[in-house]
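# Overview (structure and organization)
So you can see what is in the structure, the chains are spelled out below.
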Amino acid sequence: MRSFLRPAAGLVCLAALACAGCSAGPDGSSDAAPARSPAPSATTAQGAAPSTSYAPYVSATTASANDDAGSPAAYNLAFVIADGGDCTPKWNGTYAVDDPDVKERVEALKESGASVRVSFGGASGDELAAACDSADGLADAYAAALDAAGTDLADFDIEGDELADSGSVALRSEAIAALQEERSDLSVSFTLPVMPSGLDDDGLALLESANDHGVQVSTVNVMTMNYGSSYDGDMGDYAVTSAKAAHDQLRDVFGLSSAGAWKGLALTSMIGVNDVDGETFTLQDAAQVRAFAEEKGIAWVSLWSAFRDQRCDDDASSDDAATDCSGVEQEAGAFAEAFSG
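Fair warning: this is a prediction, and the values are worked out from it, not measured in the lab.

All right, on to the overall build of the protein chain then. On a plain count of helices and strands, the protein chain comes out with nine helices and 13 strands. Counting all 341 residues of the protein chain, 54% fall into the buried class. Of the accessible surface of the protein chain, which amounts to about 13,400 Å², a share of 46% is contributed by carbon and sulfur atoms.

Okay, here's the thing in structure tokens:
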């Protein structure tokens, strides 16, 4: 996903599943680790809480009128990256993690009872694992951002060159494992690119590295978007196909049952016009993804992003992905409502 910057040794079961591949738990999945109480959510007509929560990506620095659409159970705060080549965590590489305005915004997001998850990385800027020289320094950088946001939920959005950099992959795994030794409640998700054929070799290697270092992975969040020019079909169908392929891969990597692998999966779609020509994710696609996620018991669904969840100013569809609107005809917050069910 784009940032807000402008121009099996050591087999580890997924922590959010309470090692469901080893012994599946009877409870539904939540947006956090199993020891943590799930965030409030709407109930179904039968009175049971839905198994799939809604957790949009939002700007950590700038509020959007669409942030609370769909009553999110959690917010993914984008993005913490390095301050240039320095191992200093900053929001978008610009704002200090303890910036007073950011802290005020985060507290406002929590007022509804939702949790917040710090998302490290993204598609632009200097990723911390590439900027830091040691695992200890990297762990300290992660800890500083988490403490400033007052959360023990961490997302690592790894894509582009950093995904193929084995050195930073190993350093990141070492740092996360060390941080989890200090913070037993730290819940970790990895956000990775996916194709209809599933995660690529680099994505699988990252998960294997986490496994080898003893990282307890809560969720693998796959980005069902930007597949490339060879994929010109229905985006909702591609999201479902990608999820099925990733599910099978999670079973293999983590030794999970089928139900456990579904509970360890999350799906994030880029709403409206995507970065690849010809790819448009519609409201009907969002409803399809939500229904599929509920059917399978997927942990959470998300969108990129809350501030794009509105019609463009000219009320016309756009051929180019925009930063602040979807490029399709919609009411403000309509994608959030579709994803939240």
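Picking up where we left off.
Let's shift gears to the environment of Glu208. Structurally, the position occupied by Glu208 is in helix H5 (residues 201-212). Taking the relative accessible area as the measure of exposure, Glu208 reaches 28% and is therefore partly exposed. With 45 residues separating them in the primary sequence, Glu208 and Val253 have C-alpha atoms 6.9 Å apart.

Turning to the nonpolar core, a few remarks are in order. Grouped together as the largest cluster of nonpolar side chains are 84 residues, with contacts concentrated most on Leu77, Phe120, Tyr142, Phe190, Leu207 and Phe339. Excluding residues that lie within four positions of it along the chain, Leu77 makes contacts with Val58, Ala60, Trp91, Val106, Leu109, Val116, Arg117, Val118, Ser119 and Ala149.

Under the criterion given, the structure shown has 13 aromatic pairs. Each ring, one from Tyr231 and one from Tyr238, has its centre 5.4 Å from the other, and the planes form 90°; the classification is edge-to-face. Exposure remark for Tyr231: the relative accessible area of 23% places this residue in the partly exposed category. Among the residues examined, Tyr238 registers a relative accessible area of 16% and is labelled buried. On the numbers, 5.6 Å between centres and 85° between planes, the contact of Trp262 with Phe292 is edge-to-face. In this pair, Trp262 sits in helix H7 (residues 258-263) while Phe292 sits in helix H8 (residues 283-296), placing the two residues 30 residues apart along the sequence.

Of note, the bond from Ala78 into Phe79 is cis; its omega dihedral lies within 30 degrees of zero at -20°. Take Phe79: it is sitting in strand S3 (residues 74-83). The linkage connecting Trp304 with the following residue, Ser305, adopts the cis geometry, with an omega of 0°. Mapping Ser305 onto the fold places it in the loop between strand S13 (300-304) and helix H9 (334-340). Even without glycine at this site, Asn92 takes up a positive phi of about 60°. Positive phi, close to 50°, is recorded for Asn226, a residue that is not glycine. Mapped onto the secondary structure, Asn226 falls in the loop between strand S9 (217-224) and helix H6 (235-254).

The tally for this structure, following the rule as stated, stands at two disulfides. Put simply, Cys87 and Cys132 are joined by a disulfide, and their sulfur atoms are 1.9 Å apart. Between Cys87 and Cys132, the S-S dihedral sits near 85°, and the bridge is therefore right-handed. Separated by 45 residues along the polypeptide, Cys87 in strand S4 (residues 86-91) and Cys132 in the loop between helix H2 (128-131) and helix H3 (135-149) bring together distant segments of the chain. Accessibility expressed as a relative area gives 23% for Cys87, which makes it partly exposed.

Now for the side chain of Asn211. One can find Asn211 in helix H5. Side-chain polar atoms of Asn211 contact the backbone oxygen of Val253, separated by 3.1 Å.

What counts, and where the lines are drawn
Residue numbers here run from 1 along each chain, matching the order of that chain's written sequence. Local features in this predicted model are restricted to residues whose pLDDT is 70 or higher, and side-chain atom pairs enter the listing and the counts only when it is 80 or higher, whereas totals over whole chains, interfaces and linings include all residues. By convention in this description, side-chain values take in all heavy atoms of the structure and omit both hydrogens and water. Only DSSP runs of H or I with at least four residues qualify as helices, and only runs of E with at least two residues qualify as strands; both kinds are numbered from the N terminus onward. Here the term buried applies to any residue with accessible area under 20% of the maximum for its type, exposed to any over 50%, and partly exposed to those in between, with areas from a 1.4 Å probe on protein chains only. In these tables, accessible area is a Shrake-Rupley quantity obtained with a 1.4 Å probe, and a residue counts as shielded only by the protein chains included in the view. Each nonpolar core is a collection of buried residues, namely Ala, Val, Leu, Ile, Met, Phe, Trp, Tyr and Cys, held together in the definition by side-chain atoms within 4.5 Å. By definition in these notes, contact holds between two residues if any of their heavy atoms fall within 4.5 Å. Side-chain rings of Phe, Tyr and Trp, where Trp is taken by its six-membered ring, are said to pair if the distance between their centres is within 6.5 Å; with planes under 30 degrees apart they count as stacked, over 60 as edge-to-face, and otherwise as tilted. By disulfide we mean two sulfur atoms from cysteines, separated by a distance within 2.5 Å. Whenever a nitrogen or oxygen atom comes within 3.5 Å of another N or O atom, the pair is scored as a polar contact, on the condition that within protein one atom can donate a hydrogen and the other can accept it, and that pairs from neighbouring residues in sequence are kept only if both atoms are in side chains.

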